[in-house]
Amino acid sequence: SKEAVAIVDNVVKKIEGFDGDIIATYDTHAQNYMQTQEGKNLPVPHCIKDTEGWALDKNVQAALDKKGFKAIEKPTFGSTDLVEYIKTNYDPAQIEIELIGLCTDICVVSNAMIIKAYLPETPISVDASCCAGVTPESHNNALEAMKMCQIKVI
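The sections below set out a description of the structure shown in this document. It should be emphasised that the depicted structure is a prediction, and the values quoted were computed from it without experimental measurement.

**A word on the overall build of the protein chain**
No. 1: Scanning the protein chain from N- to C-terminus turns up seven helices and five strands.
No. 2: Taken from the N to the C terminus, the helices and strands of the protein chain come in the order α-α-β-α-α-β-α-β-α-β-α-β.
No. 3: For 154 residues, the compact-globule formula gives about 15 Å, and the C-alpha radius of gyration of the protein chain, at 15 Å, lands near that figure.
No. 4: Buried residues in the protein chain amount to 40% of all 154 residues.
No. 5: Here the analysis covers contacts within the protein chain between residues at least 6 apart in sequence; of these, 73% occur between residues at least 24 apart.
No. 6: For the protein chain, the distance from the average site of its 14 positive side-chain charges to the average site of its 22 negative ones is 1 Å.

Have a look at this one:
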């Protein structure tokens, strides 16, 4: 979407200026996507592993490659693997988590809510200027939902 394209520079600047560990989740589906529960309810094949549509924006990927990052493939909206990685590698009482990316109203909100459920005392924020939703309205609705669940929106 034009909103997704519009956040790329903000995302690159955020990555380049970030002083901490970066974990990137890749929405990752297989060729059988349309037969999955998600595919039946969101019948738009996307992010099929090892296709052009699976790759991150080249400028975002280059910024990540320069900084170094942990990649986690997630087969659906939210990632329990992400939470397990955080719980295994960090002290939840000693960290803060900031989320950015696409889609605010699907993947970002899902990951934010899963992390909040597993790590309720860990401060979590979302940088709205580095997120875009399916539509501007659904982006804003997701931000409001996260605020209601004590996720800070910046």
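**Details of the side chain of serine 79**
No. 1: In this fold, serine 79 is placed in the loop between β2 (70–74) and α5 (80–89).
No. 2: Separated by 3.3 Å, the side chain of serine 79 and the backbone nitrogen of aspartate 81 make a polar contact.
No. 3: When sequence neighbours within four positions are dropped, the list of residues in contact with serine 79 reads Ile72, Lys74, Asn111 and Ile114.

**Points about the pattern of salt bridges**
No. 1: The full count for this structure, using the stated rule, is six salt bridges.
No. 2: Note that aspartate 27 and lysine 74 form a salt bridge whose closest N and O atoms lie 3.5 Å from each other. Linking aspartate 27 in strand β1 (residues 23–27) with lysine 74 in strand β2, this pair joins segments that are 47 residues apart in sequence. The same class applies to aspartate 27 and to lysine 74, which are both buried.

What counts, and where the lines are drawn
Residues numbered from 1 in each chain as written. Predicted model: local features only at pLDDT ≥ 70, side-chain atom pairs only at ≥ 80, totals over all residues. Heavy atoms only, no water. Helix = DSSP H or I, 4+ residues; strand = E, 2+ residues; numbered from the N terminus. Rg over C-alpha atoms; globule rule 2.2 N^0.38 Å. Buried < 20%, exposed > 50% of the residue type's maximum accessible area, 1.4 Å probe, protein only. Contact = heavy atoms within 4.5 Å. Lys, Arg positive; Asp, Glu negative; His and termini not counted. Charge placed at Lys NZ, Arg CZ, Asp CG, Glu CD. Polar contact = N/O pair within 3.5 Å; in protein donor to acceptor, adjacent residues only side chain to side chain. Salt bridge = Lys/Arg side-chain N within 4 Å of Asp/Glu carboxyl O.

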